[in-house]
Amino acid sequence: MTAPQQDVIVITGLGGMGLATARRLGSGRQLVLADYAQELLDRVADTLRGEGHTVHALRVDVSDPRSVERLAQHAGALGPLRAVVHTAGVSPVQASPERVVQVDVLGTAYVLDAFLPLVTRGSVAVCIASMAGSMVPLPPEAERALATTPTSQLAGLPMLDPKNLDSGAAYSVAKRANQLRVQAASIPWGRRGGRVVSVSPGVISTPMGQAELQGPHGEAMRGMIQASGTGRIGTPDDIASAVEFLISPQASFITGTDLLVDGGAVAAMRYARP
């Protein structure tokens, strides 16, 4: 008898949240790890293999649709897709507005498109957005355009023109776009038996999060943490726990929506008493 194929878990982006999620989901499954940074990719892959996980590692640029297609093809050849967890992204202190749009907006759209043909009943995509996406007011027509514009035309939307955005504004719009693309993608994914959700972290203690805390908006971010209901910074495990629930059968009725995992920061910003 031949052993059944192990389910495949794809994780893009191997910073703090990606690594924590890989550890949480990888046991008894095939992990397909993708990152732009070869040194980080190799280091994380070696670490997880040493911990007993089955690991396949590919260098991927999520802003390049051909690179994302190669990732999907590789994953599809290994076995049934259980989940793709898309954590890859850049933050305002790391990248120009143009790069934020390329990676955070187009990268998410490319991933959702490329993995759609692999979806079977029970497949789940979890896209990491940000609480920043819950704080940007956009008119309904702009939100509909971000949700439904074909991926090949997405970069042409005026609201995504890097010339009209600084990095902070580009990031907020990008993360709202992530939440909206998930809503729209849940329909074709659902027709194949799959689900799509987004998770919007607050301030999380990852290398990216620490860089933001040291950046020009660090003081405001620390104030948001202090004012929040939990009064603490988030951990990568907080996000991994949310992802673990969302891909589980217990979440089988949850799709096309966003889960805000911010320790209450957005609620405090909106409703805290003076």
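Look up: the structure comes first, before these words.
Being a predicted model, the structure only gives us computed values, none of them experimental.

Trainee: Explain the nonpolar core here, please?
Mentor: A general feature of soluble globular proteins is that nonpolar side chains tend to end up buried together. Val10, Val32, Phe115, Leu160 and Trp189 are the most contacted members of the largest nonpolar core, which totals 50 residues. At eleven residues, the largest contribution of residues to this core is made by helix 4 (residues 97-115). Beyond its immediate stretch of four places on either side in the chain, tryptophan 189 contacts Val84, Leu112, Phe115, Leu116, Val119, Val124, Ala125, Gly194, Arg195 and Val196. Listed in part, the 27 residues of the second largest apolar core include Ile9, Leu14, Leu33 and Ala45.

Trainee: Honestly, the packing of aromatic side chains in this entry has me stumped. Any pointers?
Mentor: The relative placement of two aromatic rings is captured by the distance of their centres and the angle of their planes. Summed over the entire model, instances satisfying the criterion amount to zero aromatic pairs. Positioned over the ring face of tyrosine 36 is arginine 99, at 5.9 Å from the centre of the ring.

Trainee: So what exactly am I meant to see when it comes to the packing of helix 4 against helix 7 (residues 167-191) here?
Mentor: Between two packed helices, what matters for the description is the angle formed by their axes and the separation of those axes. Look at helix 4 against helix 7: their axes get within 9 Å of each other, and the N-to-C directions meet at 10 degrees. When the axis of helix 4 is compared with that of helix 7, the two are roughly parallel. Facing helix 4, whose interface residues are Pro97, Val100, Asp104, Val105, Thr108, Ala109, Leu112 and Phe115, helix 7 presents Ser167, Ala170, Tyr171, Ala174, Lys175, Ala177, Asn178, Arg181, Val182, Ala185 and Trp189. Here the residues of the contact of helix 4 with helix 7 are counted per class, giving 13 nonpolar, three polar and three charged.

Trainee: So what exactly am I meant to see when it comes to the side chain of glutamine 179 here?
Mentor: Checked against the element boundaries, glutamine 179 lands in helix 7. Side-chain polar atoms of glutamine 179 contact the backbone oxygen of serine 130, separated by 3.5 Å. Other than its neighbours up to four places away in sequence, glutamine 179 contacts Ala129, Ser130, Gly133, Ser134, Ser198, Ser200 and Asp258.

What counts, and at which threshold
Each chain carries its own residue numbering, running from 1 in the written order of its sequence. Given that this is a predicted model, residues contribute local features only at a pLDDT of at least 70 and side-chain atom pairs are listed and counted only at 80 or more, while totals for whole chains, interfaces and linings are drawn from all residues. The side-chain values count all of the structure's non-hydrogen atoms but skip hydrogen atoms and water molecules. Only buried Ala, Val, Leu, Ile, Met, Phe, Trp, Tyr and Cys residues count toward a nonpolar core, and they belong to the same one when joined by side-chain atoms within 4.5 Å. Buried means the residue's accessible area, taken with a 1.4 Å probe over protein chains only, is under 20% of the maximum for its type, while exposed means over 50%, and partly exposed covers the values in between. Strands are runs of DSSP state E lasting at least 2 residues, helices are runs of H or I lasting at least 4, and numbering of each runs from the N terminus. Only heavy atoms enter the contact rule, under which two residues are in contact if any of them lie within 4.5 Å. When two rings of Phe, Tyr or Trp (its six-membered ring) have centres within 6.5 Å they constitute a pair, described as stacked for plane angles under 30 degrees, edge-to-face for angles over 60, and tilted for the intermediate range. Note on geometry: a ring has a charge over it if NZ (lysine) or CZ (arginine) is within 6 Å of the ring centre and within 35 degrees of the ring normal. Here the axes come from fitting lines to C-alpha atoms, over the contacting stretch only for helices, and the angles between their N-to-C directions go from 0 to 180 degrees. Any angle that falls under 35 degrees is termed roughly parallel, while one over 145 is termed roughly antiparallel, one within 65 to 115 roughly perpendicular, and all others oblique. Only Asp, Glu, Lys and Arg are considered charged in this grouping, and only Ala, Val, Leu, Ile, Met, Phe, Trp, Tyr, Cys and Pro are considered nonpolar; every other residue, Gly among them, is considered polar. Counted as a polar contact is a pair of N or O atoms within 3.5 Å, where, for protein atoms, one must be capable of donating a hydrogen and the other of accepting one, and residues adjacent in sequence contribute only when both atoms are in side chains.

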